Amino acid sequence: MSDKHKPRIGVFVCHCGVNIGGVVNVSAVVEYARALPDVAYAEGNLYTCSSEGLYRIKEAIRKYDLDRVVVASCTPRTHEPLFRAACEEANLNKYMFHMANIREQCSWVHAKEPEKATEKAKETVKMAIAKAALLEPQTEPEIEVQPSALVIGGGVSGMTAAISLANQGFNVSLVEKNKELGGKLCELYRLYPSDKLSSEVLGEYIQSVRSNPKIKIYTSSTVKRVDGFIGNFEVTLNINPSPDWKGSFWGTEEKLKAGTIVVATGADVFKPIGMYCYGENRGVITQLELEKLMKEGKLGKPKNILMIQCVGAREGKVGGRNYCSRICCTMALKNAMIIKEMLPDSEVSILYRDMNAYGKDFEEQYEKARHNFVQFIRYDDASPPEVSSDANGKLSVKVHDILGNYALELDPDLIVLSTPLVKSEDATELSKLLKVPLGAEGFFLEAHVKLRPVDFATDGIFLCGTAHGPKTVPESITQAYAAASRAGIPIALGKVRTEAITARVDETRCTGCGTCVKLCPYSAIRKDEHGVARVNDVLCKGCGVCSASCPEKAINMRHFSDAQIIAEATSALGGA
Amino acid sequence: MSKSVLVVGGGIAGIQASLDLASRGTKVYLVEKTPSIGGRMAQLDKTFPTLDCSICILAPKMIECLRHSNISLLTYSEVQHVEGEEGNFTVKILRKPRYVEFSKCTGCGTCMEKCPVKVPNEFDMGMGKRKAIYMPFKQAVPLVATIDAEHCLYFSKKICGVCQKVCPSNAIDYNQKPEEINLNVASIILATGFDIFDPSAIGEYGYGRFQNVLTSMEFERLICASGPTGGHLIRPSDGKEPGSVVFIQCVGSRNLHGRFPFCSTVCCVYATKESILVKEHSPQTQPYIMYIDMRAVGKGFQEFVDRAREEYGVKYIKAHPGGIAEDQATKNLHIHYEDTKSGNMKKLDADLVVLCPALIPKTENKRLAEEMGIELDDAGFFKAKELLTAPMDTTSVGIYICGYCQSPKDIPESVAQASGAAARAAETIMLTSKERKQ
């Protein structure tokens with residue numbers, strides 16, 4: 001901040017319709033703000049984020065010669081970029097903008113106490129103004145983007161993403177841990193919605209990946225280490241790892257560079273050991289094992305086949321697999337129809353809780369199955385079927401059909417258990433390497449469940465397919481194209497700007513103790529030849545660990561300086 | 001050869017496809033039929049399963065479309081004619097007259113205040129009123145007034161002219177004519193969304209006859225803070241808070257003998273969300289959901305349903321009601337249904353009933369498909385070239401589809417497919433410009 005000029009702050013208080021205005025007395029907050037030091041202008045808006053609201057911010061910057069802007073409204077997570085952009089359009093550095101959240105922190109949580117909510121909103125705005133007075137313009141470093149992408153996982157999602165990125169004109173490295181490409185499709189028989197064999201579809205994909213000169217394939221390879229950041233990831237691969245005598249896996253190392261990364265590592269299928277005689281009686285198998293039997297022509301001629309849905313899924317208990325695995329109902333429908341076609345004399349029954357034949361084509365398939373005499377028996381969530389196996393290995397099943405309201409006893413030759421997809425075994429390690437989160441069920445967690453389904457919160461890393469959660473083949477392919485679009489954007493642009501919120505070292509204070517070097521989670525700090533800490537602005541994510549732990553208080557965060565934070569806190573405590 | 005893309009439909013799918021392409025440097029024309037982009041998502045109160053305020057998370061994306069230098073927004077406009085092929089389509093767009101000069105209108109709203117004509121507000125599903133000169137909603141993009149000539153007194157009776165007199169920017173122009181815009185684009189993305197089945201066709205549910213039977217989209221507006229009641233959950237008949245609300249699933253959908261045999265995919269979980277909103281707005285009200293199968297298939301959805309049942313006390317009944325009767329004096333409703341679990345006929349009294357109607361293909365898909373030389377499927381959705389491996393490709397090269405107009409799907413699926421369609425369009429541009437070089 002220049003000493004010569006007094007700050008000129010503009011304050012915009014949003015009603016957010018009645019979201020804020022219905023509780024907080026917005027005009028009282030505006031009046032209060034207007035009287036605070038350094039405030040040159042204040043107004044209320046019905047929706048500050050509407051195009052009219054943004055126009056008013058820009059107009060006020062020009063008209064009142066504002067050099068800082070505070071918006072008191074909702075959350076910076078969704079709206080800060082918008083307001084910052086408006087400031088930039090009025091030639092104000094976007095770091096001269098600050099936001100106060102008077103919706104989540106005032107009107108929503110104190111909806112029953114409007115007076116107190118209004119007082120809290122005033123205080124919140126006062127704090128924001130105190131910080132705004134000390135804001136400084138920042139510049140965002142612009143970095144070149146490596147013109148290539150890395151796709152981790154060579155199943156149908158990974159291959160689709162790789163093909164699309166290559167067709168967009170970019171080089172792609174495709175890494176698969178198994179010897180062969182194909183993932184779970186290698187184990188499937190036929191793919192709905194088509195009559196095609198999985199092997200046929202897979203053959204076409206592998207052919208187009210292999211013949212594409214822009215795609216470099218690494219099979220039998222895993223990701224060992226990931227350094228860098230969007231635009232400049234440096235990835236170390238472990239190729240052909242084999243166990244040594246100690247059980248550690250060693251292979252040849254290869255380093256590659258990538259501008260962006262797509263995670264397409266898929267999912268595993270839950271093995272229901274100990275449930276419904278699985279593992280005890282060979283007549284009890286999973287849907288995936290059924291697919292394999294059909295694929296290899298080893299199904300034999302069972303007369304009565306019984307499928308049980310929701311085995312180990314939708315458990316509805318603490319620590320359980322509480323989610324619906326989305327694909328099991330339709331997989332059962334598909335396989336029931338295939339069996340009916342292969343063995344016309346067989347009886348197929350499906351024991352289910354809710355038939356999740358969502359959307360257009362699955363509902364048709366469900367109808368077709370009923371038409372073809374597949375029997376549907378609905379059991380209650382609270383009383384699942386009971387399966388027992390006698391000394392001769394003969395299976396019997398007791399179930400209460402809630403639609404007909406009667407008890408049934410069945411003697412199937414084959415029981416097929418529909419089990420959920422679960423997180424892949426290497427998801428945890430990969431999430432650590434990439435520093436991206438997993439959700440409660442262990443699937444990778446996207447940046448926003450509604451509007452950013454294939455982005456990670458970390459810039460430059462994207463996800464698709466069943467690594468994100470259970471989905472069908474076409475849904476995985478759709479997501480793979482989506483990830484290819486998102487991952488292609490920075491590469492197409494050739495450069496990206498990164499946040500200016502990074503650590504700044506006061507060289508005169510740094511004693512070279514190295515605390516920050518050790519603590520930095522992003523390896524962004526090194527000591528230079530004089531023993532002074534140096535921050536790589538592009539690697540630094542602005543987390544502030546170094547600043548908080550520096551014994552000499554030599555590190556300050558841009559945009560979150562000690563002075564700014566203290567000003568905010570002092571104001572909250574009633575100080576000037 | 002062109003390097004730009006036409007996106008048809010300004011809902012969340014069209015918005016996402018446009019932003020993805022624009023942010024990689026591709027020129028996009030985003031055509032929207034109504035006066036504002038935003039689509040269905042702009043009408044929703046909250047979104048499942050996170051209960052985010054729908055317009056709050058959508059508005060920044062809408063504004064980004066307006067601000068982005070690579071996006072030309074063509075609102076209140078329709079595709080008239082398409083010819084050509086991948087890499088080189090010629091498209092004729094008709095921009096309808098707003099009778100308001102786009103560059104002059106500041107969205108101040110003075111005209112709307114003074115206009116004497118009140119018309120049912122489409123954005124609020126006809127429950128609230130708007131004026132004959134209007135902006136569809138407060139966060140509309142662009143925030144420019146439009147005169148609805150059908151109801152405007154100047155156009156019907158050559159009188160009034162108040163808006164022209166009061167407009168401080170001199171933006172009203174009664175002589176505006178439809179404008180023809182010709183574009184040359186490399187590819188086209190269709191994202192036209194869905195229509196809502198009119199449940200008055202199912203007479204036994206009494207929609208249109210009984211005041212306290214609503215559709216779910218009407219309920220969204222009713223419960224929304226910016227809706228016609230300011231978010232107060234009240235019965236249309238007497239303005240009182242209902243003691244019970246019953247949501248009925250599969251109204252018109254999953255009907256094997258009707259026109260819409262398919263499942264709309266989103267209703268089970270949005271009804272769950274709406275039930276939670278009932279409890280949050282009015283804790284003493286009891287929500288019920290009558291359903292066939294609980295299809296909570298998305299990420300976190302089953303957990304959301306579990307939470308609704310356990311934490312909020314939403315009651316789920318496996319049932320498909322046969323009919324609804326109204327008590328003429330109290331306007332209370334009686335639902336007759338077969339309890340699927342016991343097989344017995346039962347009766348449930350309800351103060352308010354919310355029908356969850358089939359979400360159906362848009363009627364104008366037929367015209368667009370004919371114009372573009374692409375096929376529709378048997379239900380009227382745009383037909384994918386190959387459902388298994390090419391769900392965004394149509395039967396014509398260079399024309400792509402995304403969102404609900406391809407098949408039923410929720411918001412994140414629509415967003416993902418929109419990005420996917422953008423990838424396909426980006427591939428087309430790469431391919432056709434390479435061919436040109438050769």
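In this text the structure is predicted, and so the values were computed from the model without any measurement.

Another aspect to go through is the domain arrangement of chain A. Assigned domains of chain A: these are domain 1 (9–138), domain 2 (148–268 + 422–495), domain 3 (271–419) and domain 4 (503–558). Centre-to-centre separation of domain 1 of chain A and domain 3 of chain A, based on C-alpha positions: 57 Å.

Now for the sheet that holds strand S1 (residues 9–14) of chain A. Residues and elements named next belong to chain A. Taking strand neighbours across the sheet as the criterion, the 4 strands line up as S2-S1-S3-S4 in an open arrangement whose pairing is parallel. Pairing within the sheet leaves two strands with one partner each, and these edge strands are strand S2 (39–45) and strand S4 (97–101). Averaged over neighbouring strand pairs, the angle between their axes works out to 15° when direction is ignored. The sheet contact formed by S1 and S2 spans 6 bridges and is parallel. Across the sheet, Phe-12 pairs through a bridge with Glu-43, a residue of S2. In the packing of helix H5 (residues 114–132) onto the sheet, contacts are made with S1, S2, strand S3 (68–73) and S4, and the angle to S3 comes to roughly 160°.

This next bit is on the sheet that holds strand S11 (residues 249–258) of chain A. All names here are of chain A. Sheet architecture is open: 3 strands sit in the order S9-S10-S11, paired in antiparallel fashion. Single-partner strands in this sheet number two, and they are strand S9 (221–229) and S11. Ignoring strand direction, the axes of neighbouring strands in this sheet form an average angle of 20°.

Glancing now at the interface of chain B and chain A. Listed by partner, the interface residues are 68 residues for chain B and 66 residues for chain A. Elements supplying a minimum of two residues to the side of chain B that touches chain A: helix H1 (12–23), helix H3 (54–67), helix H9 (301–310) and helix H11 (411–437) of chain B. Of the residues forming the side of chain B that touches chain A, the biggest block, 14 residues, is contributed by H11 of chain B. Grouping the amino acids of the side of chain B that touches chain A by side-chain chemistry returns 34 nonpolar, 20 polar and 14 charged.

What follows covers the environment of Thr-472 of chain A. Residue and element names in this part refer to chain A. Mapped onto the elements of the fold, Thr-472 is located in the loop between strand S23 (461–463) and helix H12 (473–493). When the 20 C-beta atoms within 10 Å are taken as the criterion, Thr-472 is described as buried. Between the C-alpha atom of Thr-472 and that of Pro-193, which follows or precedes it by 279 residues, the distance is 9.9 Å. Ignoring sequence-local partners within four residues, the contact set of Thr-472 consists of Ile-327 and Thr-330.

This part covers the packing of H5 of chain A against helix H15 (residues 562–572) of chain A. Residues and elements named next belong to chain A. Interaxial distance between H5 and H15 falls to 8 Å at its minimum, and their mutual angle equals 150°. Classified by the angle between their axes, H5 and H15 sit roughly antiparallel to one another. The hand of the H5/H15 crossing is right-handed. Judged by residue contacts, Glu-123, Lys-126, Met-127, Ala-130 and Lys-131 of H5 engage Gln-564, Ala-567, Glu-568, Ser-571 and Ala-572 from H15. Among the residues making up the contact of H5 with H15, the classes are represented as 4 nonpolar, 2 polar and 4 charged.

Moving on, we come to the nonpolar core. Residue and element names in this part refer to chain A. Core analysis: the biggest nonpolar cluster contains 308 residues, and Ala-72 and Val-262 have the highest contact counts within it. Top contributing element to this core by residue count: H12, with 11 residues. Ignoring sequence-local partners within four residues, the contact set of Ala-72 consists of Val-11, Val-13, Cys-14, Val-29, Ala-100, Ile-102, Ala-121, Thr-124, Val-125 and Ala-128. Grouped together as the second largest cluster of nonpolar side chains are 14 residues, Ala-503, Ala-524, Ile-525 and Cys-540 included.

Reading the values: rules and limits
- Sequence order as written defines the numbering, with residues in each chain counted from 1.
- Each chain takes a letter, starting from A, and each ligand takes a number, starting from 1, following the order in which they are written.
- Thresholds applied to this predicted model are a pLDDT of at least 70 for local features of residues and 80 or more for the giving and counting of side-chain atom pairs; totals over whole chains, interfaces and linings are not thresholded and use all residues.
- Domain segmentation is taken from an automatic or database assignment of domains.
- Only strands joined by at least two bridges in the DSSP assignment are considered to pair.
- Strands are runs of DSSP state E lasting at least 2 residues, helices are runs of H or I lasting at least 4, and numbering of each runs from the N terminus.
- Axes, fitted as lines to C-alpha atoms, cover a helix only where it is in contact. Angles between the N-to-C directions of the axes lie from 0 to 180 degrees.
- We call two residues in contact when their backbone-placed C-beta atoms lie within 7 Å.
- Each residue gets one of three labels, nonpolar for Ala, Val, Leu, Ile, Met, Phe, Trp, Tyr, Cys and Pro, charged for Asp, Glu, Lys and Arg, and polar for the others, Gly among them.
- In this scheme the burial state of a residue depends on its C-beta neighbours within 10 Å: 20 or more other such atoms mean buried, 12 or fewer mean exposed, and anything in between means partly exposed; the C-beta positions come from the backbone.
- Should an angle fall under 35 degrees it is taken as roughly parallel, and over 145 as roughly antiparallel, whereas 65 to 115 is taken as roughly perpendicular and any remaining angle as oblique.
- Less than a right angle of anticlockwise turn of the near helix away from the far helix marks a crossing as left-handed, whereas a clockwise turn marks it as right-handed.
- Nonpolar core, as used here: buried Ala, Val, Leu, Ile, Met, Phe, Trp, Tyr and Cys residues forming one set through C-beta atoms within 7 Å.

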